[in-house]
Amino acid sequence: MSLLSVRNLSTEFRTERGVVKAVDDVSFDLAAGETLAIVGESGSGKSVTAMSILRLIPNPPGRISAGEVVFDGRNLLEMSDAEIRAIRGNRIAMIFQEPMSSLNPSLTVGLQIAEPINLHRRTPWAAAMDKAAELLARVRLPDAKSRVKAYPHQFSGGMRQRAMIAMALACQPQLIIADEPTTALDVTVQAQILALLKEVTRAANSALILITHDLGVVARYADRVCVMYGGRIVEAGPAREIYARPRHPYTIGLMASVPRLDQEAGSRLVPIEGSPPNLANLPPGCAFAPRCRRAADICRQRPMLVRSTPDHLSACHFHAQLSAHVGT
Amino acid sequence: MSVPETVLEVRDLKVHFPVMAGALVRKQVGSVKAVDGVSFDVQRGETLGLVGESGCGKSTTGLAILRMIDITSGEVKFEGEDISAYDRSRMRPIRRRMQMVYQDPFGSLNPRMKVSEIVGEPLEVHGLASNRAAYDTRVASLLDMVGLLPDMADRYPHEFSGGQRQRIGIARALALEPSLIICDEPVSALDVSIQAQVVNLFQELQERLGLTYIFIAHDLAVVRHISHRIAVMYLGRIVEIAPRGELYAKPLHPYTQALLAAIPIPDPEVEATRPQQIIIGEVPSAMRPPPGCRFHTRCPRVMDVCKSVDPPMRDMGGGRAVACHLYEA
């Protein structure tokens, strides 16, 4: 029984150039305690998928047009506003990319961490503030006790992201969604924050959805992976399986185009030609076809996400042949 | 000229920015030592990578070499000529041979100029196109060189994707046939699938035109891929410099080791067996760098001496040098 089950989710935005489908028929499941990475480039729909789960899509111009998001047995998309508010920050928490713009600059950090505890758990403020200090210590913020009274601008980028994690943990959520949580941070701090996130979610047996463009981060932290392209999932499966035997030309292309520290330097990378698609003007059929070396006539028909092996899905007409090619 | 020729020599370069305070009487209350004693050479046809986290001084070093900001002290020798004290007019002919490619392909191109004007402007500024036909031919060949089509010359920057804009920036930098190009985070703003295209273009152009690059970036995997040698910077200093192979195989400075360990390798099998050594803390302020070795506050191998004595750069042979007390004889 999965904790979260996203079924045929579609989210569209009304723009000057017509209706754009940012998320198109996306389905995936997440078990308790599991870490799922959603990987993709800009415009792939990975962030909109995350925002749609918590119904954080601004309407207008956005709208969740189809699908269901079943969390712990209930469809979040059918809940009343009051019901979804009782879920947000409580049973599902979200961590955003830019900690500075997601923290309120005029409230102390401690107050912002205590707020969901007071709101959702009806804990009196004084006790909630004590809990906030405890949480800041748990995310290993130096001088946690005195920093409860500090304001966000007095924190460095890494400290702010620690505070965001403390806030996310406040009500012991079953699911944490982290949208590019370390993109704005330095390399060594990025490693600290991701390790912390993994550690605290593991300790609480919370599930984690990690939205990222970084294939290295996925390899280090994810149990399972969904690769998105042009608003759709093109490949999904266990992380080890996807990296060892990718079954979509986009995934294969991505892996060949990133330099690896453990490989011989100086060789040529194999780039994916062309650019990521414009969602307002997607090609018919497979969105990756215009950049794909294998593209054939059949690619003008949209490939379904099918099981290539019992736990490995691919949306490529040639997934069966691809699997034979990789590893050679 | 078969002997390797030194294109650039940087000696003890310092760039300090004053910090002012006071409402009525502004006075200097301190300084940010953005670059604080950096020395390196770059050979013709070579790519030197400058890598480090924010505030390490890598971008400031690039700007100081181009003399786009003032040098506090130290020496910058370009093709044998000491340019550290040159004024604007004396820098002008030098800038023809030294160009820059910027990080932001959106902010660095004038949105009101056509591609032909952006790419051709340097030709005009330096009076290198005798007539319209020569100008157009040159622009077309520059666009071709970076993999853009000649008919793109009449379009405006907003009509291009990030990767194509970066190509326009590169074409502009190439217009004056420079010998040195300083690339400041030239691929960090690009999508993963586009980065490889631009990285390959840099490499192809280097082979074809014999260009020398200083490649500044925070992504060690990209820097190592494109650079022949790499200088790792921390808080205004170079802490280690090494050929790319050695740097990964046997990093000497604890900071280099930490930086390498922090970067995940896109392979779950490899990651599962890699020791996870994560260093604590964040980069301290460049206004008040720690005494002694600047890295000592975060160093897992810190010794007493590190807290008071600044380690000098020590030549380790084989083109390697490191500034760390661990390697003192």
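Residues numbered from 1 in each chain as written. Chains lettered and ligands numbered in written order. Predicted model: local features only at pLDDT ≥ 70, side-chain atom pairs only at ≥ 80, totals over all residues. Heavy atoms only, no water.

A. Region of interest: the overall build of chain B. Scanning chain B for helices and strands turns up 10 helices and 12 strands. Here the C-alpha radius of gyration of chain B, 21 Å, is about what a compact globule of 329 residues would show, namely 20 Å. Each principal axis of the C-alpha distribution contributes one length, and for chain B these read about 70 × 60 × 50 Å. Sequence-distant contacts in chain B: of pairs separated by 6 or more residues, those separated by 24 or more amount to 63%. (Helix = DSSP H or I, 4+ residues; strand = E, 2+ residues; numbered from the N terminus. Rg over C-alpha atoms; globule rule 2.2 N^0.38 Å. Contact = heavy atoms within 4.5 Å.)

B. Structural context of the pairing of strand β9 (residues 229-234) of chain B. Residues and elements named next belong to chain B. Across the 6 residues that make up β9, a large majority, 6, are buried. Here β9 shows no split at all, with R229, A231 and M233 on one side and I230, V232 and Y234 on the other all buried. As paired strands, strand β3 (residues 47-51) and β9 are joined by 4 bridges and run parallel to one another. Looking at β9, one finds that L50 is bridged to A231. One ladder, built from 6 bridges, connects β9 with strand β10 (residues 237-243); its direction is antiparallel. Each bridged residue has a counterpart across the sheet, and for I230 the counterpart in β10 is A242. (Buried < 20%, exposed > 50% of the residue type's maximum accessible area, 1.4 Å probe, protein only. Pairing = 2+ DSSP bridges.)

C. Structural detail: the UniProt feature "domain: ABC transporter" (unreviewed entry) in chain B. Following the UniProt record, one finds the feature "domain: ABC transporter" (unreviewed entry) at residues 10-260 of chain B. Annotated as 37% helix and 28% strand, the span residues 10-260 of chain B places its first and last C-alpha atoms 26 Å apart. (UniProt positions renumbered as here; feature names shortened; annotations may be inferred.)

D. Focus on the environment of B:V76. Residue and element names in this part refer to chain B. Along the polypeptide, V76 turns up in strand β4 (residues 73-78). Residues V76 and P291, spaced 215 residues apart in sequence, show a C-alpha to C-alpha distance of 27 Å. Leaving out residues up to four positions away in the same chain, V76 has contacts with L8, E9, L13, I65, I71, E81, D82, I83 and S84.

E. Just the sheet that holds strand β5 (residues 81-82) of chain B, in detail. All names here are of chain B. Read from one edge to the other, the open sheet built from 4 strands follows the order β2-β1-β4-β5, with strand pairing classed as antiparallel. Of all strands in the sheet, those bounded by a partner on one side alone are β2 (27-43) and β5. Where β4 and β5 come together, 2 bridges link them in antiparallel fashion. For K77, the partnering residue across the bridge sits in β5 and is D82. Strands in contact with helix α1 (residues 58-65) are β1 (6-21), β2 and β4; relative to β1, the strand with the most contacts, it is inclined by about 110 degrees. (Axes fitted to C-alpha atoms, helices over the stretch in contact; angles between N-to-C directions.)

F. Seen up close, the nonpolar core. B:I170, B:L174, B:F202, B:L205 and B:L220 are the most contacted members of the largest nonpolar core, which has 68 residues in total. Residue contributions to this core peak at 7 residues, all from helix α6 (residues 192-209) of chain B. Discounting residues that sit within four places of it in the chain, B:I170 has contacts with B:V101, B:V146, B:V198, B:L201, B:F202 and B:L205. A:A93, A:A168, A:I193 and A:L196 belong to the second-largest nonpolar core, a separate cluster that totals 40 residues. (Core = buried A, V, L, I, M, F, W, Y, C linked by side-chain atoms within 4.5 Å.)

G. Structural context of the interface of chain B and chain A. Tallying the contact residues gives 47 residues for chain B and 43 residues for chain A. Surface buried jointly by chain B and chain A totals about 3,900 Å² across both partners, of which 58% is contributed by carbon and sulfur atoms. Put simply, chain B and chain A have 4 salt bridges between them. In this structure, B:E271 engages A:R220 in a salt bridge whose closest nitrogen and oxygen atoms are separated by 2.6 Å. Connecting chain B to chain A are 25 residue pairs in polar contact (both at pLDDT 80 or more). Those elements that provide at least two residues to the side of chain B that touches chain A are α6, α7 (220-226), α8 (244-249), α9 (254-262) and α10 (268-273) of chain B. Per-element tally for the side of chain B that touches chain A: the top contributor is α6(B), with 10 residues. Residues belonging to the side of chain B that touches chain A are distributed by class as follows: 25 nonpolar, 10 polar and 12 charged. (Buried area = accessible area lost by both parts, 1.4 Å probe. Salt bridge = Lys/Arg side-chain N within 4 Å of Asp/Glu carboxyl O. Polar contact = N/O pair within 3.5 Å; in protein donor to acceptor, adjacent residues only side chain to side chain. Nonpolar A, V, L, I, M, F, W, Y, C, P; charged D, E, K, R; others polar.)

H. Representation of the sheet that holds strand β2 (residues 18-30) of chain A in the model. Residues and elements named next belong to chain A. Reading across the sheet, the 4 strands line up as β2-β1-β4-β5 and stay open at both edges, with antiparallel pairing between neighbours. Edge positions in the open sheet fall to β2 and β5 (74-75), since each of these has one partner strand only. Pairing of strand β4 (residues 62-71) with β5, which is carried by 2 bridges, proceeds in the antiparallel orientation. Its bridge partner lying in β5, V70 is registered against N75. Helix α1 (residues 46-53) rests against β1 (4-15), β2 and β4 of the sheet, and its axis sits at about 110 degrees to β1.

I. Summary view of unusual backbone geometry. Between A:N59 and the following residue, A:P60, the backbone shows a cis peptide bond with an omega angle of -15 degrees. Relative to the helices and strands, A:P60 resides in the loop between α1 and β4. For the peptide bond that leads from A:P60 to A:P61, omega is 10 degrees, which places it in the cis range. In this fold, A:P61 is placed in the loop between α1 and β4. Non-glycine residue A:N205 carries a positive phi angle of around 55 degrees. Relative to the helices and strands, A:N205 is located in the loop between α8 (187-204) and β8 (207-212). Here the phi dihedral of B:E79 falls at roughly 45 degrees; this positive angle occurs in a residue that is not glycine.

J. Representation of the packing of helix α3 (residues 115-125) of chain B against helix α4 (residues 132-145) of chain B. Residue and element names in this part refer to chain B. Where α3 contacts α4, the axes come no closer than 10 Å and their chain directions differ by 115 degrees. Both α3 and α4 take part in a crossing whose hand is right-handed. Taken together, the residues of α4 that come into contact with α3 (itself represented by V115, S116, E117, V119, G120, E121, L123 and E124) are Y135, R138, V139, L142 and L143. When grouped by side-chain class, the residues that make up the contact of α3 with α4 number 7 nonpolar, 2 polar and 4 charged. (Left-handed = near helix turned anticlockwise from the far one by under 90°.)

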